[in-house]
Amino acid sequence: MIKIIQYPKCSTCKKAVKFLQDNNVEFESRDIKENNPTAEELKKWHEMSGLPLKRFFNTSGLKYKELGLKDKLPQMSEEEQYELLATDGMLVKRPILVGEDYVLVGFKEADWSEKI
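So, a few notes on the structure that sits alongside this text.

Reading the values: the criteria
Residues numbered from 1 in each chain as written. Predicted model: local features only at pLDDT ≥ 70, side-chain atom pairs only at ≥ 80, totals over all residues. Heavy atoms only, no water. Helix = DSSP H or I, 4+ residues; strand = E, 2+ residues; numbered from the N terminus. Buried < 20%, exposed > 50% of the residue type's maximum accessible area, 1.4 Å probe, protein only. Contact = heavy atoms within 4.5 Å. Salt bridge = Lys/Arg side-chain N within 4 Å of Asp/Glu carboxyl O. Arc of directions from axis to C-beta. Pairing = 2+ DSSP bridges. Right-handed = clockwise from strand over helix to strand, strands pointing away.

Attention now moves to the side chain of N58. Along the chain, the position of N58 falls in the loop between α2 (39-49) and α3 (62-66). The class of N58 is buried, set by a relative accessible area of 11%. For N58, the contacting residues outside a window of four places in its chain are Y64, M90, L91, V92, K93 and R94.

Put into structure tokens, the structure is as follows:
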């Protein structure tokens, strides 16, 4: 089953959920703030996505800016970045759509249409 990892108050996440519902896609929803992804999950999703790890960071979020991550990330190992992301769901870009053999980060309707 498809999983959507999202923050219910996020407008982009709301659009993504509506898109899935409008397309009659069965999915399991997970609140990223209440149930943050683990470092292991993030590593697996990162590998499945084929995206640069930086794409998993919510670069427009307050927490990202507060921690000065723009300057710190380049010096951090991937393992350190996974651990950091696992500390707070608000650091993680959302929504994340996890299918059997793919992971999409952020909501782009065209990309999601290709996968569902």
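Further remarks concern unusual backbone geometry. The residue after R94, namely P95, is reached through a cis peptide bond having omega -5 degrees. Mapped onto the elements of the fold, P95 is located in the loop between α5 (78-85) and β3 (96-98). Positive phi outside glycine occurs at N24, with the angle close to 55 degrees. In this fold, N24 is placed in the loop between α1 (11-22) and β2 (27-31).

All right, on to the pattern of salt bridges then. Applying the stated rule across the entire model yields four salt bridges. Here E41 ties to R30 by a salt bridge, and the two come within 2.8 Å at their closest N and O atoms. Taken together, the residues E41 in helix α2 and R30 in strand β2 connect sequence positions eleven residues apart. Classification of E41 as partly exposed rests on a relative accessible area of 22%. On the accessibility criterion, R30 (13% relative accessible area) is buried.

Turning our eyes to something else, we now look at α2. Looking only at α2, the buried set comprises A39, L42, W45, H46 and S49. Along α2, the residues classed as buried sweep out an arc of 130 degrees about the axis, all on the same side. Set apart from the buried face of α2 by more than 90 degrees, the exposed residues are E40, K44 and E47. Buried residues along α2 sit against β1 (2-6), β2, α5, β3 and β4 (103-105). Remark: G50 follows α2 within two positions and exhibits a positive phi of approximately 75 degrees.

Once that is clear, we can look at the pairing of β1. Within β1, four of the five residues are buried, which leaves the element mostly enclosed by the surrounding structure. Where β1 meets β2, five bridges bridge the pair, whose relative direction is parallel. Its bridge partner being in β2, Q6 is matched across the sheet by D31. Taking the sense of rotation as the criterion, the β-α-β connection linking β1, α1 and β2 turns out right-handed. As paired strands, β1 and β3 are joined by three bridges and run antiparallel to one another. Each bridged residue has a counterpart across the sheet, and for I4 the counterpart in β3 is L97.

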